[in-house]
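# Report on the structure
So the chains spell out like this:
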Protein chains: 2
Amino acid sequence: MKLSTRGRYGTRALLDLALHSDESPVPLKDIARRQQISLPYLEHLVTPLVAGEIIRSIRGAHGGISLLKSPEKIRLSEVIRLLEGSIAPVECVIHPDICPRVGSCAMCDIWDEIRKAICGVLEGTTLQELVERQRQKEASRNGETLGSEGAVRAEQPKDT
Amino acid sequence: MKLSTRGRYGTRALLDLALHSDESPVPLKDIARRQQISLPYLEHLVTPLVAGEIIRSIRGAHGGISLLKSPEKIRLSEVIRLLEGSIAPVECVIHPDICPRVGSCAMCDIWDEIRKAICGVLEGTTLQELVERQRQKEASRNGETLGSEGAVRAEQPKDT
DNA sequence: TACCATGTTGATTCATTTAGTCGACAATAT
DNA sequence: ATATTGTCGACTAAATGAATCAACATGGTA
């Protein structure tokens with residue numbers, strides 16, 4: 001149940017793009033440098049986002065990628081689906097026909113509840129919200145400067 | 001973000017055990033046959049559940065596995081954690097120290113929300129509930145017999 | 001026009017994980 | 001004793017993940 005680097009790097013790249021978007025497109029090179037992702041790998045991560053019409057790309061000098069929709073309209077669910085494929089934790093939730101136990105398996109219900117729970121979070125989060133969160137974090141990080149640096153990690157989740 | 005066969009087979013095996021538990025232990029061979037899991041593979045799946053003291057095993061003739069706790073006290077979260085390891089979709093949620101962006105990364109918040117959402121479902125589901133659900137499904141499947149067999153698949157999730 | 005900066009695509013590599021098998025062994029009932 | 005069952009570690013094969021690279025397409029700029 002782990003996210004691959006596609007999901008992790010891809011979302012970070014998209015957030016980075018949103019944070020650095022003015023009018024002109026943002027070169028992959030810049031995103032790669034800021035996010036510490038290798039450029040040739042990032043190119044592959046970006047492809048499905050272009051195909052999914054979340055961003056568009058412009059070749060040539062001063063080229064790069066830019067958002068096709070305003071950040072409030074970009075939901076994380078859509079992004080993750082493009083980067084990672086289906087969100088469902090098991091296949092049979094999506095394709096009931098491949099499971100011989102279809103309709104008589106109590107586990108499938110639970111797997112689908114998990115799918116819905118995950119979708120709920122992703123559906124309810126827009127790129128705009130991520131941008132705001134990120135800006136806020138960086139601002140409060142600057143205000144922090146002196147003193148107890150370690151105070152950031154307030155509460156650690158006990159749970160896995 | 002897919003569950004491996006460990007999680008899928010393991011939970012099915014445990015549910016099968018709960019459904020077929022009387023006083024005597026249930027041989028792995030029977031579970032393997034009913035659930036269509038290869039016996040040598042099932043042996044490996046069962047190991048962490050024994051280690052986690054959810055079930056115990058008895059060797060020798062008439063041996064097998066049996067539940068160590070009553071089904072109402074066995075939460076799916078515990079089972080999945082034993083079978084699949086941490087539920088968190090990314091490592092940095094559990095070990096913030098391995099992430100250079102710790103405390104200043106908006107994505108981490110989201111990944112943790114997802115972890116919580118998944119935990120919520122798993123924490124809130126006991127083996128007893130699964131048993132009841134499963135019995136109910138099988139009962140209604142028997143009452144079905146004649147007529148429109150296909151009526152089972154009422155609503156199909158559009159969403160991934 | 002020539003050239004440089006950029007994105008596109010497919011092939012390829014390498015490491016890791018997953019899924020599964022097998023054999024030797026330990027324990028228990030009959 | 002012996003048949004039956006679980007335990008454990010080694011092993012293998014296939015799939016996936018994480019990249020890298022080269023050849024190409026395209027758009028600015030001198």
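About the cut-offs
- Residues numbered from 1 in each chain as written.
- Chains lettered and ligands numbered in written order.
- Predicted model: local features only at pLDDT ≥ 70, side-chain atom pairs only at ≥ 80, totals over all residues.
- Least-squares fit on C-alpha atoms with pLDDT ≥ 70 in both.
- Contact = placed C-beta atoms within 7 Å.
- Pairing = 2+ DSSP bridges.
- Helix = DSSP H or I, 4+ residues; strand = E, 2+ residues; numbered from the N terminus.
- Near = placed C-beta within 6 Å.
- Nonpolar A, V, L, I, M, F, W, Y, C, P; charged D, E, K, R; others polar.
- pLDDT = per-residue confidence, 0-100.
- Buried ≥ 20, exposed ≤ 12 C-beta atoms within 10 Å, placed from the backbone.

Let us look at the relation of the copies chain A and chain B. In the superposition of chain A on chain B (RMSD 0.0 Å, axial shift 0.0 Å), the rotation amounts to 180°. On the angle and the small slide along the axis, the relation comes out as a two-fold axis. Considering only C-alpha atoms, the part of chain A nearest the rotation axis is M1 of chain A, at 2.2 Å. Counting the interface residues of chain A, we find that 100% of their copies in chain B are interface residues as well, pointing to one common contact surface.

This part takes up the pairing of strand β2 (residues 64–67) of chain B. Residue and element names in this part refer to chain B. Where strand β1 (residues 55–58) meets β2, four bridges bridge the pair, whose relative direction is antiparallel. Note that in β2 the partner of S57 across the bridge is I65. In sequence, β1 turns back onto β2 through a hairpin of five residues, with G60 there showing a positive phi of about 80°.

Before going further, it helps to spend a moment on the protein's contact with DNA strand D. In the vicinity of DNA strand D lie 25 residues, with S4, S38 and G60 of chain A together with L28 and S57 of chain B positioned nearest. Elements that contribute at least two residues to the surface near DNA strand D include exactly α1 (5–19) and α3 (39–51) of chain A together with α2 (28–35), α3 (39–51) and β2 of chain B. For the surface near DNA strand D, the element with the highest residue contribution is α3 of chain B, accounting for four residues. The class makeup of the residues in the surface near DNA strand D is nine nonpolar, eleven polar and five charged.

Take the protein's contact with DNA strand C next. By nearness alone, 27 residues border DNA strand C, and L28 and S57 of chain A together with S4, S38 and G60 of chain B come closest of all. Those elements that provide at least two residues to the surface near DNA strand C are α2 (28–35), α3 and β2 (64–67) of chain A together with α1 (5–19) and α3 of chain B. Ranked by residue count, the leading element in the surface near DNA strand C is α3 of chain A, at five residues. Of the residues belonging to the surface near DNA strand C, the class tally is ten nonpolar, twelve polar and five charged.

Moving on, we come to the interface of chain A and chain B. When the parts of a complex come together, some accessible area is lost, and that lost area is often taken as the interface size. Listed per partner, the contact involves 44 residues of chain A and 44 residues of chain B. Breaking the side of chain A that touches chain B down by element, the ones donating at least two residues are α1, α4 (76–84), α5 (106–123) and α6 (127–142) of chain A. If you tally residues by element for the side of chain A that touches chain B, the top one is α5 of chain A, at twelve residues. Per-class residue counts for the side of chain A that touches chain B are 22 nonpolar, eight polar and 14 charged.

Of the residues in chain A, 91% have a pLDDT of 70 or more, and the chain-wide mean is 91. Segment residues 149–154 of chain A is flagged for pLDDT under 50; beyond a separation of four residues in sequence, or across chains, it makes three contacts in the model.

With that out of the way, let us pick up helix α4 (residues 76–84) of chain B. Residues and elements named next belong to chain B. Most of α4 sits out of view: seven of its nine residues are buried. Looking at α4, one finds that the buried residues are L76, S77, E78, V79, I80, L82 and L83. Just past α4, the residue G85 takes up positive phi, approximately 85°.

Our focus in this paragraph is the environment of T11 of chain A. Along the chain, T11 of chain A turns up in helix α1. The spatial distance from the C-alpha of T11 of chain A to the C-alpha of D97 of chain A is 32 Å, given a sequence separation of 86 residues. Those residues in contact with T11 of chain A that sit more than four places away from it in its chain are V79 of chain A together with M107 of chain B.

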